[in-house]
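Each chain is listed here by its residues.
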Amino acid sequence: MIPKIHIALSRAKGMTEGTLEFSFDADPAWLDIPFVGFSSPVAAQLRYEIAEDDSVEVFGSVAFTIAGSCSRCLSPAEERIVQEVRAVFVEGEADEGAGEFPYANGSVDLSEWMRECVIFALPPVLHCASCKRQDI
Ligand SMILES: [Zn+2]
């Protein structure tokens, strides 16, 4: 379950920064390495800071495991992926070229960003331990 950050509610509670820890199931369609799938939920550990202008910086990491058949030799393979992530959410118009995401109605929905974080973190192939040694 991906939480939302409610700006006015957070301000009312005097919580202009905080931590978010949650996990969610990745959509199998995000991964297109043959014979490989997600073998764990995505675990997110994030911090957020709400600035004076109501822009919200969110940063931290996402971690998950993929498993299946080695892309080279088809042996069983598994890889734990940990990716540092960061984004700035602004109300209304966002400068997406600068890595900003828009939010509306006073609440920051992290879902679309989380999807992009996972897809960005995915490797193009999955190699088993012995094929990995050959890569070096
Ligand atoms: Zn292999």
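Because the structure is a prediction, the values reported are computed rather than measured.

Engineer: I keep staring at the coordination of the zinc ion and nothing clicks. Help me out?
Structural biologist: For a metal with four donors in a tetrahedral arrangement, the ideal angle between donors is 109.5 degrees, while six donors in an octahedron ideally sit at 90 or 180 degrees. Within the protein, the atoms that donate to the zinc ion are Cys70 (SG), Cys73 (SG), Cys128 (SG) and Cys131 (SG), at distances of 2.3 Å. The site at the zinc ion holds four donor atoms, and with the angles between them running 104 to 116°, its shape is tetrahedral. The sequence pattern describing where the donors of the zinc ion fall on their chain is C-x2-C-x54-C-x2-C. Taken as a pair, cysteine 70 in the loop between strand S5 (56–69) and strand S6 (76–91) and cysteine 131 in helix H3 (residues 129–135) lie far apart in primary sequence, 61 residues in all.

Engineer: How should I be thinking about the pairing of S5 in this particular structure?
Structural biologist: Every other side chain in a regular strand lies on the same face of the sheet, so the side chains alternate between the two faces. The pairing of strand S3 (residues 36–38) with S5 spans three bridges and is antiparallel. The partner of glycine 37 across the bridge, within S5, is alanine 67. Both strand S4 (residues 42–50) and S5 contribute to a ladder of eight bridges, which runs antiparallel. Residue pairing for S5: glutamate 49 is matched across the bridge by glutamate 57. Sheet topology places S5 next to S6; 14 bridges connect them, and they run antiparallel. Looking at S6, one finds that alanine 67 is bridged to glutamate 78. Between S5 and the antiparallel strand that follows it, S6, lie six residues; leucine 74 among them carries a positive phi value of about 70°.

Engineer: What should I look at first to understand unusual backbone geometry in this one?
Structural biologist: Leaving glycine aside, a negative phi is the common case for residues, and trans is the common case for peptide bonds. Positioned with a positive phi, aspartate 54 is a non-glycine residue whose angle comes to about 70°. Here aspartate 54 is to be found in the loop between S4 and S5. On the accessibility criterion, aspartate 54 (24% relative accessible area) is partly exposed. For asparagine 105, which is not glycine, the phi dihedral falls at a positive 60°. Tracing the backbone through its elements, the reader meets asparagine 105 in the loop between strand S7 (100–103) and strand S8 (107–109).

Engineer: I tried to follow the environment of glycine 37 on my own but got confused; where do I start?
Structural biologist: In this fold, glycine 37 is placed in strand S3. With relative accessibility at 24%, the residue glycine 37 sits in the partly exposed group. In sequence terms glycine 37 and proline 76 are 39 residues apart; their C-alpha atoms lie 12 Å from each other. When neighbours within four sequence positions are excluded, glycine 37 is seen to be in contact with Leu31, Thr65, Ile66 and Ala67.

Engineer: Would you explain the nonpolar core in this entry?
Structural biologist: Across soluble globular proteins, nonpolar side chains have a tendency to be buried as a group. Core analysis: the biggest nonpolar cluster contains 40 residues, and Leu46, Val56, Phe89, Leu110, Trp113 and Met114 have the highest contact counts within it. Elements with a minimum of two residues in this core: strand S2 (17–24), S4, S5, S6, S7 and helix H2 (111–121). Ignoring sequence-local partners within four residues, the contact set of valine 56 consists of Ile5, Ile7, Tyr48, Glu49, Ile50, Ala87, Val88, Phe89, Tyr103 and Val108.

Conventions adopted
Here the residue numbering is sequential within each chain, running from 1 through the sequence in written order. Selection of residues for local features in this predicted model requires a pLDDT of at least 70, selection of side-chain atom pairs for listing and counting requires 80 or more, and totals for whole chains, interfaces and linings are taken over all residues. Excluding hydrogens and water, the side-chain values take into account all heavy atoms of the structure. Water is not part of the atom set, so a site may look incomplete; the donors themselves are N, O and S atoms within 2.8 Å of the metal, or 3.2 Å for Na, K and Ca. When four donors show all angles between 85 and 135 degrees the site is tetrahedral, when four or six donors have opposite pairs over 155 degrees and all other angles between 65 and 115 it is square planar or octahedral respectively, and in every other case it is irregular. Helix and strand definitions follow DSSP, with helices as H or I runs of at least four residues and strands as E runs of at least two, each counted in order from the N terminus. Strand pairing is defined by DSSP finding a minimum of two bridges between the two strands. Relative accessibility under 20% of the residue-type maximum defines a buried residue, over 50% an exposed one, and the middle range a partly exposed one, all with a 1.4 Å probe and only protein chains included. It only takes one pair of heavy atoms within 4.5 Å for two residues to be counted as in contact. In this description, a nonpolar core means a group of buried Ala, Val, Leu, Ile, Met, Phe, Trp, Tyr and Cys residues linked to one another through side-chain atoms lying within 4.5 Å.

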